Amino acid sequence: MKTVVILGAGGLGCPAALVLRDEARARAFPLRLVIVDPDRVDRSNLSRQILYTGDDVGELKAEVAARKLGAEARVERFSPATAAELLRGADVLLDGTDDFGTRFLANDEALARGIPLIHGAVLGWTGQLLTVLPGRTGCLRCLFEGPPPAGSVPACAEAGVLSALCGVVGATMARAAVQLLDEKKIFFSRDPQPGVLYRWDALHGTRRPLDVKRDPACAACARVAS
Ligand SMILES: [Zn+2]
């Protein structure tokens, strides 16, 4: 039995969880899916957070998503205080949260525990994905060092989020997880690859790969358990 922990049951977490559940069923590999989200469904979420309907407005996202997918719900915020408990037994961590602090925390906590991380993000017309293998590929901090200064990058609420792109990036996150979990390598493809940052530009219809170099001075990579 493999365990996948998904942070954020929003625009990325919903399609990622759905595809992952269906892939596991189709390939008959046992999967324990843990969905972490402290928030409630808002009517403005419905266009891209495809596990919810109007009937779910006001309900806890993690509980609704878990009920519909046969997963486990954790109504908690991912923080230094909750990370150890939430990541216990995790084989892969999917991060689809929408704030920089949590993304870097997810990176650091996954690396410190040797757990592969699949990072996804969508803002406006752009999306990105990076699979981090602790000690083997570069990580989010090798690439960006740390969160941008407050206010320098607009939040999802200000810049908006393209719903269709959430589906594409979320499903690709699930695909990346299956590549790591499916030891028999059934239907294995070389895409997406770990250690490559994929950037979608929906305005121009492009997706570009960028090799992420390991930074020998990276503080997060230095904490990888050997
Ligand atoms: Zn690093």
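To keep things clear, this report deals only with the structure shown in the data block. (Residues numbered from 1 in each chain as written. Predicted model: local features only at pLDDT ≥ 70, side-chain atom pairs only at ≥ 80, totals over all residues. Heavy atoms only, no water.)

Looking only at helices and strands, the chain features eight helices and eight strands. Judged by the C-alpha coordinates and their principal axes, the chain covers about 50 × 40 × 40 Å. A burial count over the chain gives 50% of its 226 residues as buried. Residue pairs in contact within the chain that sit at least 24 positions apart in sequence constitute 66% of those at least 6 positions apart. Summed over its atoms, the accessible surface of the chain is roughly 10,700 Å², and 53% of this surface lies on carbon and sulfur atoms. (Helix = DSSP H or I, 4+ residues; strand = E, 2+ residues; numbered from the N terminus. Buried < 20%, exposed > 50% of the residue type's maximum accessible area, 1.4 Å probe, protein only. Contact = heavy atoms within 4.5 Å. Areas by Shrake-Rupley, 256 points an atom, 1.4 Å probe, with all protein chains shown as cover.)

Take the packing of aromatic side chains next. All told, the structure shown has zero aromatic pairs when counted by the stated rule. Looking at arginine 103, its charged tip hangs above the ring of phenylalanine 100, at a distance of 5.0 Å from the centre. (Phe/Tyr/Trp six-rings, centres within 6.5 Å; stacked < 30°, edge-to-face > 60°. Lys NZ or Arg CZ within 6 Å of the ring centre and 35° of its normal.)

What follows concerns the coordination of the zinc ion. Taken together, the protein ligands of the zinc ion are Cys139 (SG), Cys142 (SG), Cys218 (SG) and Cys221 (SG), with distances of 2.3 Å. Written as a sequence motif, the donor arrangement for the zinc ion is C-x2-C-x75-C-x2-C. Of this pair, cysteine 142 sits in helix H5 (residues 140–144) while cysteine 221 sits in helix H8 (residues 219–222), and the two are 79 residues apart along the sequence. On the basis of relative accessible area, cysteine 142 is assigned to the buried category, the value being 13%. You can call cysteine 221 buried: its relative accessible area is 11%. (Donors = N, O, S within 2.8 Å, 3.2 Å for Na, K, Ca; no water.)

Before going further, it helps to examine the pattern of salt bridges. Proximity of charged atoms lets side chains of opposite charge pair with each other. For the structure shown, the criterion picks out ten salt bridges. Among the ionic pairs, glutamate 72 bridges to arginine 74, the shortest N-O distance being 3.5 Å. Residue aspartate 191 pairs with arginine 207 through a salt bridge whose shortest N-O separation is 2.6 Å. Of this pair, aspartate 191 sits in the loop between helix H7 (163–181) and strand E7 (196–201) while arginine 207 is found in strand E8 (residues 206–211), placing the two residues 16 residues apart along the sequence. Judged by relative accessible area, which is 32%, aspartate 191 ranks as partly exposed. In this structure, a network of salt bridges that share partners links the residues Arg32, Glu72, Arg74 and Glu85. (Salt bridge = Lys/Arg side-chain N within 4 Å of Asp/Glu carboxyl O.)

Right, let's get into helix H4 (residues 100–112). Given a rise of 1.5 Å per residue, 13 residues ought to cover 18 Å, and the 18 Å separating the end C-alpha atoms of H4 matches this to within 8%. Of all 13 residues in H4, ten are buried, a share of seventy percent or more. Along H4, the positions that sit buried rather than exposed are Thr102, Arg103, Phe104, Leu105, Ala106, Asn107, Asp108, Glu109, Ala110 and Leu111. (Expected span 1.5 Å × (residues − 1).)

A few words on helix H1 (residues 13–27). In an α-helix, one turn spans 3.6 residues, which is why side chains three or four residues apart end up on the same side. Spanning 15 residues, H1 covers 21 Å between terminal C-alpha atoms, matching the ideal 21 Å at 1.5 Å per step. By the burial criterion, the buried members of H1 are Gly13, Cys14, Pro15, Ala16, Ala17, Leu20, Arg21, Glu23, Ala24 and Arg27. Tucked inside the fold, the buried residues of H1 contact strand E1 (2–7), strand E2 (31–36), helix H2 (61–69), strand E4 (92–95) and H7. Of the residues trailing H1, alanine 28 is marked for its positive phi of about 55 degrees.

Next up on the list: the environment of glycine 170. Within the element layout of this structure, glycine 170 appears in helix H7. Sequence spacing of glycine 170 and asparagine 45 is 125 residues, and the spatial spacing of their C-alpha atoms is 15 Å.

This paragraph deals with the sheet that holds strand E3 (residues 72–74). With mixed pairing, the eight strands of this open sheet are ordered in space as E3-E2-E1-E4-E5-E6-E7-E8. The sheet terminates laterally at E3 and E8, the two strands that pair on one side only. Adjacent strand axes in the sheet meet at a mean angle of 15 degrees, parallel and antiparallel pairs treated alike. Across seven bridges, strand E5 (residues 117–123) lies against strand E6 (residues 126–132) in antiparallel orientation. Its bridge partner being in E6, histidine 119 is matched across the sheet by leucine 130. (Pairing = 2+ DSSP bridges. Axes fitted to C-alpha atoms, helices over the stretch in contact; angles between N-to-C directions.)

Let's shift gears to the pairing of E6. A regular strand places its side chains so that they alternate between the two faces of the sheet. Across the seven residues that make up E6, a large majority, six, are buried. What sits between E5 and E6 in their antiparallel hairpin is a turn of two residues, with glycine 124 showing a positive phi close to 60 degrees. Note that E6 and E7 share four bridges and pair antiparallel. Along E7, the bridge assignment pairs glycine 127 with tryptophan 200.

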